[in-house]
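# Fold and contact review
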Amino acid sequence: MRKFIILLAVALAACSAPATLHLPPGAGKIIIDEDPGELNDDALATAMLLDSSRVEVLGITTVGGNTWPEEGAAYALRLLELLGRTDIPVIRGATADPRTRPDGKNYRSLPYAGALARPRPLGYRNLSETPRLGYPTTEPRDATASEFIADQVKSNPHQVTILALGPATNLARAIEDHPEIVPLVKGVVFMGGAFDVPGSVTKNAEFNWWWDPRAAEIALDAPFREKTVIPLDACQELLYDKEIYDRLVAAPAAPLSKPLRNLHGSIFAGDPAYSMPVWDTVAAAVFLQPDIVTDTSDRPVSAEPATGKAVQGVSPAHVVSHVDAARFWDIYVDRLTGGRTS
């Protein structure tokens, strides 16, 4: 019943929204809602977004997923220190716990369990392992992530794009507690879902939507004016390898060159053929440069609330299936080495 009331309220308020969906403009005010690790895809997506002079990052909210919110806060704060952007607030957010769901009972046998592989830390300076890049000296803001999202949207109506790069827990709570913000959001870019490719955690479910499927359903069903989904389909062929690593660290003056050498150098030294997907950086690149998209479809999408499987929904989204790989890697390297022109 509560979900119906929320959808009815926001649908009435958003009835003047444009009928044709289009990709986000790659500029303006944004909130990055993520589950970052030490220079993982979330962190590098953040660095790419911060490199754009056209983007104003209002804040980073951390959510449970790849990392616990406390871990994510530590890594986000340290990243901002490395980039000289400690002016940007970091807010610790919420997390679901997949172990409480029937499909999460055997999480230890999953190919990837994210934060569940470690006990939840007591605080952002008390992690189970000392960060290789060190603990931050700065502190997260004393606020609630969902309230921060709602406050920023209401203070900047029709101006804020939300980059939902992790599970949708924070965003869903903001929608439930403040349904009036939905028509005030400029757009949402989701990294999540698997449509025509296998899931990354189960046969049908991608990690972000699997971790908190109810939150994914709430956020995807909300009738935001613009909604773009970057699923596994668009990411699976884009693999970070030694060639790309070499391009990144070839710019020694870049703020992340030395940290990347420290974290990734030994990996490629041990296995030059190593490669891995770069999920969230694809979402960042699509936001920054929408014309790299080569295949899309507009369709109503949602997440099955028990499993996170991508299903037909009630609210349309722009679903990206493929991007131009060569152009993506150029953007990836340029943004992470300070080679941007705007």
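Rules used in this analysis
- Residues numbered from 1 in each chain as written.
- Predicted model: local features only at pLDDT ≥ 70, side-chain atom pairs only at ≥ 80, totals over all residues.
- Heavy atoms only, no water.
- Helix = DSSP H or I, 4+ residues; strand = E, 2+ residues; numbered from the N terminus.
- Rg over C-alpha atoms; globule rule 2.2 N^0.38 Å.
- Buried < 20%, exposed > 50% of the residue type's maximum accessible area, 1.4 Å probe, protein only.
- Contact = heavy atoms within 4.5 Å.
- Areas by Shrake-Rupley, 256 points an atom, 1.4 Å probe, with all protein chains shown as cover.
- Arc of directions from axis to C-beta.
- Polar contact = N/O pair within 3.5 Å; in protein donor to acceptor, adjacent residues only side chain to side chain.
- Lys, Arg positive; Asp, Glu negative; His and termini not counted.
- Salt bridge = Lys/Arg side-chain N within 4 Å of Asp/Glu carboxyl O.
- Axes fitted to C-alpha atoms, helices over the stretch in contact; angles between N-to-C directions.
- Parallel < 35°, antiparallel > 145°, perpendicular 65-115°, else oblique.
- Nonpolar A, V, L, I, M, F, W, Y, C, P; charged D, E, K, R; others polar.
- Left-handed = near helix turned anticlockwise from the far one by under 90°.
- Right-handed = clockwise from strand over helix to strand, strands pointing away.
- Pairing = 2+ DSSP bridges.

Under an unreviewed UniProt entry, the name given to the chain is Nucleoside hydrolase, and the organism recorded is Microtetraspora fusca.

## Some remarks on the overall build of the chain
Counting its regular elements, the chain contains 12 helices and 10 strands. Taken over C-alpha atoms, the radius of gyration comes to 19 Å for the chain, in line with the 20 Å a tight globule of 342 residues would show. If one aligns the C-alpha atoms of the chain with their principal axes, the spans along those axes are about 55 × 45 × 40 Å. Across the 342 residues that make up the chain, the buried fraction comes to 58%. Look at the contacts in the chain between residues 6 or more apart in sequence, and 81% of them connect residues 24 or more apart. Looking at the chain as shown, the accessible area adds up to about 13,800 Å², and 51% of this sits on carbon and sulfur atoms.

## Section: helix H5 (residues 169–177)
Across the nine residues of H5, seven count as buried, placing the element largely inside the fold. Among the residues of H5, those classed as buried are Thr-169, Asn-170, Leu-171, Ala-172, Ala-174, Ile-175 and Glu-176.

## Re helix H9 (residues 242–249)
Listed in full, the buried residues belonging to H9 are Ile-244, Tyr-245, Leu-248 and Val-249. The buried side chains of H9 occupy one side of the element, clustering within an arc of 125° when seen end-on. If you follow the buried residues of H9, they end up packed against strand S7 (239–240), helix H10 (257–270) and helix H12 (325–337). At the N-terminal boundary of H9, the capping side chain belongs to Asp-241, with an oxygen 3.2 Å from the backbone nitrogen of Glu-243.

## Side note on the side chain of Asp-233
In this structure, Asp-233 sits in helix H8 (residues 232–235). Although Asp-233 is buried, it forms no salt bridge, and the closest oppositely charged side chain is Arg-299 at an N-O distance of 5.7 Å. Here Phe-195 takes part through its backbone nitrogen, which lies 3.0 Å from a polar atom of the side chain of Asp-233. The contacts of Asp-233, once residues within four sequence positions are left out, are Ala-194, Phe-195, Asp-196, Val-197 and Ser-321.

## Observations regarding the side chain of Asn-156
By secondary structure assignment, the location of Asn-156 is in the loop between helix H4 (145–155) and strand S4 (160–164). Its relative accessible area of 13% is what places Asn-156 among the buried residues. Here Gln-152 takes part through its backbone oxygen, which lies 2.9 Å from a polar atom of the side chain of Asn-156. In this structure, Asn-156 is in contact with Lys-29, Leu-58 and Leu-184, ignoring residues within four places of it in sequence.

## Examining the pattern of salt bridges
Scanning the entire structure with this criterion turns up 11 salt bridges. Here Asp-97 and Arg-99 are joined by a salt bridge, their closest N and O atoms 2.9 Å apart. Classification of Asp-97 as partly exposed rests on a relative accessible area of 26%.

## Looking at the packing of helix H2 (residues 41–50) against H12
Put simply, H2 and H12 touch, their axes get as near as 8 Å, and they point 75° apart. Overall, the two elements H2 and H12 adopt an arrangement that is roughly perpendicular. Contact residues: Leu-44, Ala-47 and Met-48 in H2; Ile-331, Tyr-332, Arg-335 and Leu-336 in H12. When the residues that make up the contact of H2 with H12 are grouped by side-chain class, the tally is six nonpolar, no polar and one charged.

## Quick word on the packing of H9 against H12
Helix packing geometry: the angle between the two helix axes and the distance between the axes. For the pair H9 and H12, the least separation of the axes is 9 Å and the interaxial angle reads 30°. If you check the angle between H9 and H12, you find them roughly parallel. Note on packing geometry: the crossing formed by H9 with H12 is right-handed. Judged by residue contacts, Ile-244, Arg-247 and Leu-248 of H9 engage Trp-329, Asp-330, Tyr-332, Val-333, Leu-336 and Thr-337 from H12. Looking at the contact of H9 with H12, its residues break down into six nonpolar, one polar and two charged.

## Thoughts on the pairing of strand S1 (residues 28–34)
Along a regular strand, successive side chains alternate from one face of the sheet to the other. Across the seven residues of S1, six count as buried, placing the element largely inside the fold. Note that the unit made of S1, H2 and strand S2 (residues 55–62) has a crossover that is right-handed.

## As for the sheet that holds strand S10 (residues 310–323)
The strand order S3-S2-S1-S4-S5-S6-S10-S9 describes an open sheet built from eight strands, whose pairing is mixed. Of all strands in the sheet, those with a lone pairing partner are strand S3 (90–92) and strand S9 (293–303), marking the two edges. With strand direction ignored, the average angle separating the axes of adjacent strands in the sheet is 25°. For S1 and S2, the ladder comprises seven bridges, and the chain directions are parallel. Within S2, the residue paired with Ile-32 across the bridge is Ile-60.

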